[in-house]
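# Descriptive structure summary
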Amino acid sequence: MLLLTNLLYAGIKLATPLFIGALGETYAQRTGVMVIAIEGIFLMGAWSGFVAAFYSNLYVGILAAAGAGILISAFYGYVTIKLKRNQIVTGVAINIAMFGLSLYLFRVVFGVRLVPVTVQPFEDISIPFLSRIPIIGRALFSQNIYTYLALILLVAGYYVLFRTHWGLTLRSLGENPAAVDSAGINVERTRMGAVILAGALQGIAGSFYSLGYLGLFTQGMIGGRGWIAFAACFFGNWNPLGAFGGALLFGVADSLSTQFLTSDFKMIPTEFIVALPYLLVILGVLLRSGIRVPKYLGIQYRKEEG
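## Re the layout of surface pockets
Here the largest pocket is characterised by a volume of approximately 260 Å³. Along the wall of the largest pocket there are 13 residues; nearest its centre are F106, R113, P116, F217 and T218. Of the residues that constitute the lining of the largest pocket, the class distribution is 8 nonpolar, 3 polar and 2 charged.

## Topic: unusual backbone geometry
Note on backbone geometry: most residues besides glycine have negative phi, and most peptide bonds are trans. Not every positive phi belongs to a glycine, and F129 is a case in point at roughly 70°. Within the secondary structure, F129 is located in the loop between β1 (125-126) and α5 (136-141). Owing to a relative accessible area of 67%, F129 belongs among the exposed residues under this scheme. Even without being glycine, W238 reaches a positive phi, approximately 60°. Residue placement: W238 occurs in the loop between α10 (225-235) and α11 (240-261).

## A closer look at the pattern of salt bridges
If you walk through the whole model with that rule in mind, you get 5 salt bridges. Here K13 makes a salt bridge to D124, at a shortest N to O gap of 3.1 Å. Of the two residues, K13 sits in helix α1 (residues 2-30) while D124 sits in the loop between α4 (87-110) and β1, which places them 111 residues apart along the sequence. Take D124: its relative accessible area is 33%, and that puts it in the partly exposed class. Two residues, E175 and R292, come together in a salt bridge whose shortest N-O distance is 3.3 Å. Linking E175 in helix α7 (residues 165-175) with R292 in the segment after α12 (270-287), this pair joins segments that are 117 residues apart in sequence. Exposure remark for E175: the relative accessible area of 23% places this residue in the partly exposed category. According to the relative accessible area criterion, R292 is exposed, its value standing at 57%. Salt bridges sharing partners connect three or more residues here, namely K82, K84 and E188.

Rules and cut-offs
- Residues numbered from 1 in each chain as written.
- Predicted model: local features only at pLDDT ≥ 70, side-chain atom pairs only at ≥ 80, totals over all residues.
- Heavy atoms only, no water.
- 1 Å grid on protein atoms, 1.4 Å probe; cavity = no way out; pocket = protein on both sides within 12 Å on 5 of 7 lines; lining within 4 Å.
- Points joined across faces, edges and corners; volume = space filled by probe spheres on them.
- Nonpolar A, V, L, I, M, F, W, Y, C, P; charged D, E, K, R; others polar.
- Helix = DSSP H or I, 4+ residues; strand = E, 2+ residues; numbered from the N terminus.
- Buried < 20%, exposed > 50% of the residue type's maximum accessible area, 1.4 Å probe, protein only.
- Salt bridge = Lys/Arg side-chain N within 4 Å of Asp/Glu carboxyl O.

The structure is reproduced here in structure tokens:
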């Protein structure tokens, strides 16, 4: 029982940033724009959040991470939406640039340190009574602020996307931008708004690793998890509830691999255990049935073609 509780607790914690990032990706992709720069946004969110928290406090760190995400996604949106450049090429270029820039800026700010620079990460907050529920109590109601934010975003994200006029506009943009344009709605502006929202959420998601989990920054700390959040969007069929399921799948698998690595169980090669979460997500996406890709996903819209 305790093992299951600990597994769920760690799984939900590790799934938290993946869902927040996947939710932002879901909103952007519903309009037809893939935020390929997600890995770079995660990384710069972790960096800017850590630096701001080091010189101020953790809450300022979250705001700084969101700001970094907004700046990067706004640039990405301008290039891909306004200038009509290729989303994949632009996103990959930004990811590479952010990888080098994060290391450079870290050394500019802190120099080359033999001892890691750290901050005290967010502590878990136990909700009275609810945290005592068997098995799921600690897993859901004894987490840090990021997980509670993710749970709020899960409900709010679904409601906004499927129960509001703005959500209908976003969904329509990915299916028929010409119809949205003919209704008098600015396609580029709406897409840009969704991409910037995605960037803010993905910046916050990246800051989880430096402020809500490790309490430090390293260049390789994201380790492809931005791409896992990207995959969770596909796995979830562009639905916040499904994205949460995809993120949870990776989170639990990541938690399970960590427990294997720290145990005396040596029958499975270490390399396979480390790769297990990534393999499970890839397998989950491949086996996922009923995927309905937005018709104009990744396709530029030019008014004269409508």
